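This is what each chain is made of:
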Amino acid sequence: MLARLGPPAAIAAVILLAPLLFQSGYHFRIGALVWINALAVIGLNVLMGLAGQVSLGHAGFFGIGAYAAAVLPARYGLHPLAATAAGAVLCAAVAFTVGRPILRLKGHYLAVATLGLGMLVAMVLTNEVWLTGGPDGMPAPRPDLGGWRISGPETWYWISGTVLVLGVLLAQNLRISPAGLALGALHDSEVAAGTLGVDVARSKLVAFVVSAVYGSVAGSMLAFLNGHVTPDRAGFLQSIEFVTMAVLGGLGSMIGSVAGAAVLVVIPQVLTFFHEYEHLMLGVLVILIMVLLPSGVVPALSSLLARRRKE
Amino acid sequence: MNLLQVEDIAVSFGGVRALDGVGFTIAEGLIFSIIGPNGAGKTTLFNVLTGLNRPSHGRVRFRGSEVTGAPPHRLAAIGISRTFQNLQIFPRMTALDNVRVGRHLQERTGALRGMLRPPGTAAAEELSRRTALELLDRVGLANVADKPAGGLAYGIMKRLEIARALASGPKLLLLDEPAAGCNPAETAEIDRLLLALKRDGVTLALVEHDMKLVMGVSDRVLVLVEGKVLVESEPQAVRLDSRVVEAYLGSAHAGGGA
């Protein structure tokens, strides 16, 4: 019970308490950005941390979700919430179709194939100007619910926070379920998992589809928060950023996903004081964290705590 | 009744014939051992029977239906499971969770179901835990249930693999060197376990170098040499067969106790 509900409860507490430190709408905006990125990273973590399959194309699904939220209401009059759902279904379908052939690949080969998938999505979003507005992107609508217009960073802070907690809860349930055990098993030994009745190819595909849906929903929320979408959200750098968040926070750790997202979203904002040294300092910080805490921030700190408690 | 029929199996790795014209049948309820010098093709044969290697020639029938080349998870579903010579435990999981993975075929394993935890999930989890714990107890490992499997001693891991394979409810269990690296006490433990499993109606195929164990528990023994069947008979007959003695004396395993 504690093992299952601990992480979502801890994350919910942070979401509830963080605003005590906030002084402006800008802070709420940054908070919302952290929760949105964290949701995408939780999805990536189902694939990478749980099933052990790398993806360098996760932003492709993030981008599809973002553009579904912008394009479908603007061009086809869909309600933004329905557009979010449609984006998630589309991502699930793409992941299901593409995942079948590419998840047969392992390690570096899988990395390059997923990289290609992400780049393909970014390219389509950039080039199909009639649909997507091209490299400059396009505006995304402000959704309304029964006449109440959902906008403003504070509102999106609470919505994205709620969706994140829900996402963590579902991922946590999955992790301890028989399906999640099978994913952990094929991560450790595909051969043994197979001889115990786990359909390895199918299990990987399921993890890929789940991760894609998380990415899509996160992308849609980003579109609503920003009121604007651009193709670089689907691009290579965004994918790398997601992987960095997942690894930095700690692969396989829910709280780590949130911590990783927080580091990569918040620190650059703090570092803007240093102007041209901003990227340099962020790079050095990431290297330092990985050298000093190679298993990621959260797993390293929690094992340190556990050791302290024993002594 | 014949549980498994193997006909004229051949496997080649880049021109090297690992198995060549191997055929035998395993009758239900017996302990069937496969022995032979290192490199004779014993593990390759197990790999063919569990779908990890595809034979280039020949057929495998299980309970009358052909299963040649079927993938591992489908063979597991019809009742063929195994352990591995080079351990394949899930090191980052607890011993208990290792066994719970073995129950995959008995569980409802939908991802959506896992995420949404419909009513009855907690009860199903409790049942799964209890059953896994009983299986651990059966191989004498109830005391390490909550320990990470990667940190367990070698002989313990061997028995953990047996418990995990049993959890899949096999009709035919293939054990690849279950006593390798075990001390005499642990080997005696495995000896008792194999006979108990046989009493429960599990058919066992055993690859093992410990001749005392093999001769003590087996109903039939097949000797494999250089990918070919040298002889298949009762343990006593195999022990006295001059060709077997020659094959073994010519190898590093002359001191195996045969």
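In this report, the structure presented in the accompanying data block is examined. (Residues numbered from 1 in each chain as written. Chains lettered and ligands numbered in written order. Predicted model: local features only at pLDDT ≥ 70, side-chain atom pairs only at ≥ 80, totals over all residues. Heavy atoms only, no water.)

If you tally the helices and strands in chain B, you get 10 helices and 10 strands. Across its three principal axes, chain B shows a C-alpha extent of roughly 65 × 40 × 35 Å. Counting every position in chain B, which comprises 258 residues, the buried fraction comes to 52%. Within chain B, contacts between residues separated by at least 24 positions form 67% of all contacts whose residues are at least 6 apart in sequence. Accessible surface, chain B as shown: approximately 11,100 Å² in total, 51% of it carbon and sulfur. Here chain B contributes 30 positive and 27 negative side-chain charges, whose respective centroids are spaced 6 Å apart. (Helix = DSSP H or I, 4+ residues; strand = E, 2+ residues; numbered from the N terminus. Buried < 20%, exposed > 50% of the residue type's maximum accessible area, 1.4 Å probe, protein only. Contact = heavy atoms within 4.5 Å. Areas by Shrake-Rupley, 256 points an atom, 1.4 Å probe, with all protein chains shown as cover. Lys, Arg positive; Asp, Glu negative; His and termini not counted. Charge placed at Lys NZ, Arg CZ, Asp CG, Glu CD.)

The helix and strand inventory of chain A stands at 14 helices and four strands. Seen through its C-alpha atoms, chain A measures out along the principal axes to roughly 55 × 45 × 40 Å. Relative to its full complement of 311 residues, chain A shows a buried share of 52%. Looking at chain A alone, contacts between residues at least 24 apart form 78% of all its contacts between residues at least 6 apart. Just so you have it, chain A exposes about 13,800 Å², and 71% of that area is on carbon and sulfur atoms. Taking the average location of the 16 positive side-chain charges in chain A and that of its 12 negative ones, the two points are 10 Å from each other.

Residue and element names in this part refer to chain B. In terms of strand pairing, strand E9 (residues 220-225) meets strand E10 (residues 228-233) through five bridges, oriented antiparallel. Its bridge partner lying in E10, leucine 222 is registered against glutamate 232. Between E9 and E10, which pair antiparallel one after the other, the connecting turn spans two residues, and glutamate 226 there sits at a positive phi close to 50 degrees. (Pairing = 2+ DSSP bridges.)

Quick look at helix H6 (residues 154-167) of chain B now. In an α-helix there are 3.6 residues to a turn, and that puts residues three or four apart on one side. All names here are of chain B. For H6, which comprises 14 residues, the first-to-last C-alpha distance of 20 Å matches the rise-based estimate of 20 Å (1.5 Å per residue) to within 8%. Counting buried residues in H6 gives 13 out of 14 residues, a clear majority hidden from the surface. Note on H6: the residue one or two positions beyond its end, glycine 169, has a positive phi of about 65 degrees. (Expected span 1.5 Å × (residues − 1).)

Time to look at the interface of chain B and chain A. Taken together, the contact between chain B and chain A spans 33 residues of the former and 28 residues of the latter. Roughly 2,500 Å² of surface becomes buried between chain B and chain A when both sides are summed, with 68% attributable to carbon and sulfur atoms. Linking chain B with chain A are one salt bridge. The partner of arginine 92 of chain B in a salt bridge is aspartate 188 of chain A, with the nearest N and O atoms 2.7 Å apart. For the pair chain B and chain A, the number of links is seven residue pairs in polar contact (both at pLDDT 80 or more). Elements represented by at least two residues in the side of chain B that touches chain A include exactly helix H2 (72-78), strand E6 (80-82), helix H3 (95-102), helix H4 (111-116) and H6 of chain B. Considering only residue class, the side of chain B that touches chain A consists of 14 nonpolar, 10 polar and nine charged. (Buried area = accessible area lost by both parts, 1.4 Å probe. Salt bridge = Lys/Arg side-chain N within 4 Å of Asp/Glu carboxyl O. Polar contact = N/O pair within 3.5 Å; in protein donor to acceptor, adjacent residues only side chain to side chain. Nonpolar A, V, L, I, M, F, W, Y, C, P; charged D, E, K, R; others polar.)

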